[in-house]
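Structural characterization, general
Next come the chains, spelled out residue by residue.
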Amino acid sequence: MALNLDLSGLFGDGSDARLTRKSFSDALPRAFAAREAHMANIPKWRTLHERTELQDACRERAVEVKVRGDVDYFVVLGIGGSALGNTAMISALAPVYQEWSPEEGQPRVFVLDNVDPDWLGEFFEKVPMDRTHINVISKSGGTIETSSEFLIAWHHVLAACGGDETAARARFTITTDPVNGHFRGICDDLGFFTLEVPDGVGGRFSVMSPVGMFTAEMAGLDVASIHAGAARVDKKLRECAPEEDPALLYALSHMLYMEQGKPVHVHFAYAHRLRYMADWYKQLWAESLGKRHNLAGETVHLGPTPVKAVGATDQHSQTQLYVEGPDDKVYTMLKLGKFGREVEIPEPFVKSPAFEHLKGRNLSELMEQERQGTEVALLDSGRPVCVIELCKMDAFHLGQYFQFLQIATAYAGGIIGIDPFDQPGVEAGKIAALALMGCKGFEQRAKEIAATFAAREEFKLSC
Ligand code: PA5
């Protein structure tokens, strides 16, 4: 029932570009200060597992939706922190092929986090809206992608309900801020059912709130265990000594490496079910730690570049670069202590050197040997590698893993002296998109953008 962290491969003896244990120990006071500041003001997302009223609301709503017996599809409309945790959780915990062949009594889950007309157009054309429940998730209620999707979904659902607005509304749940934002006003005025994105919980730290947990309830996942996993990490990390805090040591090592010319942080998931966890991690690490200003208001342009890799697949696309290319990366290998099932490699049907060594072996052995093979190749090249082991792929361990990375991210922000909980760069992009779409109040910004494009010297090619 543990999340195990092996940092051994992060450190060298000084003969390569890895940190030494001594240089790491010397930097510990910096990390201790960051942890102390964090503990003095524990963020609200860290205790979402204690908010039983939020969990009850998700469960009750899911029961209400499912009891009607007319929901085969559950669709999340949202983007960024309002979507990635859902995708990560479903791909990690739902039966692998649920998307094609739903489990008895559970709807197929789709997370639509883009506005590509080919994708969305075909989706709404093919998926029967009279068998669908839609969860629109937006904390701000002002994100242009989600607003557009909401309108499109409403149009199709209303049509499927023969123009009956009450019936159409019953096919929606809106997950948004309890007080602020455009969606709040719409829901209050028109009577949409809402779930709460709690105050003080930003998008990328919201997976344990109704943002993730309503989807989990709808998909029939074990929400109590997800929360129990998060609670255990929360408790363990509060109680342990700072020098034994795994999230703190993980954060410190990565921030030190970033400062010493290794800003690329590769999350190498050796479990296909965890491939979208790496996407969730990418947002968490990038959006939280990539900042123009530090807490003192100085311009610093800091931040690591997270990269996703999936073992063994990406060994055949990225490992060449990792082993022999620039030494600017730190690697986190994710492994499972035990896969959910075993697949034996059958007796070879023909005698061949290609098959001989596979006789009597199984796929989890192969996956782990592939991982170790890549680890050793990286270590032989002096590249820093650490390993995170989830004992198995279940709700409890996933909850642990979400919580571990969230806390590590918060610590990392403290260590480098930036605010990990804001995202002014994302807001800038959101505002520009609103201005370009002609949103009222953004006329000045639209003019500035037009001027920026006009001022560029053209350099266009085609072939
Ligand atoms: O982590 C974040 O804050 C962002 O990625 C948001 O989740 C994302 O921009 C979507 O915002 P909203 O939930 O307000 O629509």
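Not measured: the values here are computed from a predicted model.

Examining the site of the ligand
Around the ligand there are 14 residues in total, and Ser82, Ser138, Ser140, Thr143 and Gln283 lie nearest to it. The contact in question runs from an oxygen atom of the ligand to an N or O atom on the side chain of Ser140, over 2.6 Å. Surface burial for the ligand is 92%, taken as the share of its 380 Å² of free accessible area covered by protein chains.

Some remarks on the environment of Lys22
With respect to the element layout, Lys22 can be found in helix H1 (residues 21–40). A residue is classified by how much of its surface remains accessible, and Lys22, at 57% relative accessible area, is exposed. Along the backbone, Lys22 and Val264 are 242 residues apart, and their C-alpha atoms lie at a distance of 23 Å. Within the structure, Lys22 has its side chain in polar contact with the side chain of Asp26 (distance 2.7 Å).

Notes on the domain arrangement of the chain
Frequently, the measure chosen for interface size is the accessible area that the parts lose on association. For the chain, the assigned domains read domain 1 (3–40 + 226–416) and domain 2 (52–197). If you average the C-alpha positions of domain 1 and of domain 2, the two centres end up 32 Å apart. Domain 1 puts 15 residues into the contact, and the matching count from domain 2 is 14 residues. Roughly 1100 Å² of surface becomes buried between domain 1 and domain 2 when both sides are summed, with 69% attributable to carbon and sulfur atoms. Here domain 1 and domain 2 share 0 salt bridges between them. For the pair domain 1 and domain 2, the number of links is 4 residue pairs in polar contact (both at pLDDT 80 or more). Those elements that place two or more of their residues in the side of domain 1 that touches domain 2 are helix H9 (223–239), helix H11 (275–289) and helix H14 (395–416). Of all the elements, H11 adds the most residues to the side of domain 1 that touches domain 2, at 6 residues.

Here is what the cut-offs are and how they apply
- Residues numbered from 1 in each chain as written.
- Predicted model: local features only at pLDDT ≥ 70, side-chain atom pairs only at ≥ 80, totals over all residues.
- Heavy atoms only, no water.
- Near = heavy atom within 4 Å.
- Polar contact = N/O pair within 3.5 Å; in protein donor to acceptor, adjacent residues only side chain to side chain.
- Areas by Shrake-Rupley, 256 points an atom, 1.4 Å probe, with all protein chains shown as cover.
- Helix = DSSP H or I, 4+ residues; strand = E, 2+ residues; numbered from the N terminus.
- Buried < 20%, exposed > 50% of the residue type's maximum accessible area, 1.4 Å probe, protein only.
- Domains from an automatic or database assignment.
- Contact = heavy atoms within 4.5 Å.
- Buried area = accessible area lost by both parts, 1.4 Å probe.
- Salt bridge = Lys/Arg side-chain N within 4 Å of Asp/Glu carboxyl O.

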